[in-house]
Amino acid sequence: MNETSIRRLVIVGGGTAGWLAAALLSKALGSQLEIRLIESAEISTVGVGEATIPQIRHINMFLGIDEDDMLRFTHGTFKLGVQLNGFGRPGDSYLHAFGDIGLKPGLIPFHHYWLRSRGRPGAQSLWAHSLNAAAAAANRFAKLETIPNNPIGGIRYAYHFDATRYGQYLREHITPGTVRRTEGKVVEVKLSAEDGFIESLRLDSGEVIAGDFFIDCSGFRGLLIEGALDTGYENWQHWLPCDRALAVASERTGVMRPYTQATARTAGWQWRIPLQHRTGNGHVYCSGFISDDEAAAQLLANLEGEPLGDPRLLRFVTGMRRLSWNRNCLALGLAAGFMEPLESTSIHLVQSGVSRFLAMFPDRYCDPRVVNEYNRQTRFEYERVRDFLILHYKATERDDTPFWQQCAHMDVPQELARRIALFRRTGLIFREADELFTETGWLQVMLGQRIEPMQYHPLADELDGAQLDGFMSDIRTLVSRATRTLPTHEEFVRRTFGTPVAADVC
Ligand SMILES: Cc1cc2nc3c(=O)[nH]c(=O)nc-3n(C[C@H](O)[C@H](O)[C@H](O)COP(=O)(O)OP(=O)(O)OC[C@H]3O[C@@H](n4cnc5c(N)ncnc54)[C@H](O)[C@@H]3O)c2cc1C
């Protein structure tokens, strides 16, 4: 530590982003930093964010959180992927399953062998070669990192949980004394006349909180990054036109599915997320094509159980802050940007934002080269996620409503157009640098959205026909054998967490 080191770090916001940042930063730097978190009971958190991706498990490992304890508290269940219904054509259904598909016998990815096998008798769907997909189809689940005497990888999973309780859980598991929480509303942000850095915040109580570095987790309003620093916002609505969501919980009925469901509607899509004690539902839609009342009616007409309240309206503008880090302020969560929850990426973007910030942890002067590097990497990550989401809309054969017609005909970012064209012509897919979604993720959504490759890689011809058939059927046998050993998701949840409490927390 020297006189240029950051000592006082101030987080504004006590939603998932604020408490996740506080937990991770205090674990990493709690002994060196004085961390304060300011939240206002007057301004509620967004209160949604119930589905996650497998990377969230790294948070538990880093923070030393007991997964079962956390899921018991948050009424959580397990997630093997996202089932996407009606996105390619009405009636279509496919799973974006986590984890690997098939095995790689040679130098090229499995899917080239599968593409070749499609013309042969007895060929089966790509997803018949995925343990995650087979387990999901059978509503089965267990924590199976590897399978003894079976070369196919184990089960890769994430969680569904009550977002509000997850924030509370994180707060309660922060090492005592490392984060000082202050209840109050920030009413003024004071900037330095010299360099425009944030110097201090004034609360409605009159208290002034000074800091060396500030993290803006204030939600959509971006109190510091936009309100004080006027950073600017890049709007992506021309590619992802949905701008509203209605969220409502319902009684849990029927099978406890180990996956999120996303079902296309006339001007957007609807999510269904199974928790232990209730089901989370929401309708994400484009207000230019459907009224709020109609959207609410569609949502309520497609619940499995009775609603546990009235739908809550949320408005958003898809896009990202022009700079996620500006001067001595880093924006995380909704303050940094928003992309609809179709692939449950928002909490992950907070997690990776904090990891990147830790890797580049600055001194008080925030060298512009460090700041630029952070912003460059963050933009790359956001844009690749954005493109992945656009793929779900662009690659559609739906033309049954003006919304889907507009999606099918829109121009897409050049990078996405290049990927689609490459896959369509050759079957090739590459994961770029450390972008979030893997080749297997891109593959499933490309195929699920009915993009048909014209070719497979010539090396897939290294196996003769009988070898290829044997290879494919061996994988399917391994997958179904492993699937049969799993308990149902519901049995696993009951056994691990006991009987869920009544649907009291919505
Ligand atoms: C419809 C919808 C569905 C979503 N689904 C998912 C999902 O399935 N998976 C996923 O990963 N993510 C999802 N998200 C995103 C997820 O909800 C957010 O990323 C996450 O909750 C983080 O929110 P936040 O903490 O940034 O903001 P918020 O929850 O809005 O918290 C803002 C905080 O700032 C405080 N604050 C604001 N102004 C002041 C002030 N002046 N003074 C003091 N405090 C202040 C508030 O009190 C609050 O504590 C979804 C989002 C939406 C809109």
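Residues numbered from 1 in each chain as written. Predicted model: local features only at pLDDT ≥ 70, side-chain atom pairs only at ≥ 80, totals over all residues. Heavy atoms only, no water.

**With respect to unusual backbone geometry**
- Positive phi, normally seen in glycine, also occurs at His75, with a value near 55°.
- Counting through the fold element by element, His75 comes out in the loop between helix H3 (67-73) and strand S3 (77-79).
- Here His75 falls in the buried class, since its relative accessible area comes to 6%. (Helix = DSSP H or I, 4+ residues; strand = E, 2+ residues; numbered from the N terminus. Buried < 20%, exposed > 50% of the residue type's maximum accessible area, 1.4 Å probe, protein only.)

**Quick word on the sheet that holds strand S5 (residues 93-97)**
- If you trace the seven strands from one edge of the open sheet to the other, you get S5-S4-S14-S15-S16-S13-S17, paired in mixed fashion. Edge positions in the sheet fall to S5 and strand S17 (312-315), since each of these pairs with one other strand and no more. Sheet twist, expressed as the mean angle between neighbouring strand axes with direction ignored, is 20°. (Pairing = 2+ DSSP bridges. Axes fitted to C-alpha atoms, helices over the stretch in contact; angles between N-to-C directions.)

**Here we look at the side chain of Thr378**
- The topology assignment puts Thr378 in helix H10 (residues 368-394).
- On the accessibility criterion, Thr378 (3% relative accessible area) is buried.
- Among all residues touching Thr378, those that are not within four sequence positions of it are Met320, Ser324 and Arg356. (Contact = heavy atoms within 4.5 Å.)

**Details of the site of the ligand**
- In the vicinity of the ligand, 32 residues are found, and the nearest of them are Gly14, Ile43, Val48, Ala51 and Val186.
- For the ligand, an oxygen atom lies 2.9 Å from a polar atom in the backbone of Val46.
- Leu334 has a polar backbone atom sitting 2.9 Å from an oxygen atom of the ligand.
- Protein chains bury 97% of the 1000 Å² of accessible surface belonging to the ligand in isolation.
- Counting residues per element, the ones that place at least two in the shell around the ligand are helix H1 (16-29) and helix H9 (346-359).
- Residue composition of the shell around the ligand, grouped by class: 15 nonpolar, 13 polar and four charged. (Near = heavy atom within 4 Å. Polar contact = N/O pair within 3.5 Å; in protein donor to acceptor, adjacent residues only side chain to side chain. Areas by Shrake-Rupley, 256 points an atom, 1.4 Å probe, with all protein chains shown as cover. Nonpolar A, V, L, I, M, F, W, Y, C, P; charged D, E, K, R; others polar.)

**Thoughts on the packing of H10 against helix H11 (residues 402-409)**
- At their nearest, the axes of H10 and H11 sit 8 Å apart, and the two run at 120° to each other. In terms of axis orientation, H10 runs oblique to H11. Residues His392, Tyr393 and Lys394 of H10 lie in contact with H11, whose contacting residues are Phe403, Trp404, Cys407, Ala408 and His409.
- Here the contact of H10 with H11 is built from residues that sort into five nonpolar, two polar and one charged. (Parallel < 35°, antiparallel > 145°, perpendicular 65-115°, else oblique.)

Function cannot be read off these values alone, since they describe shape.
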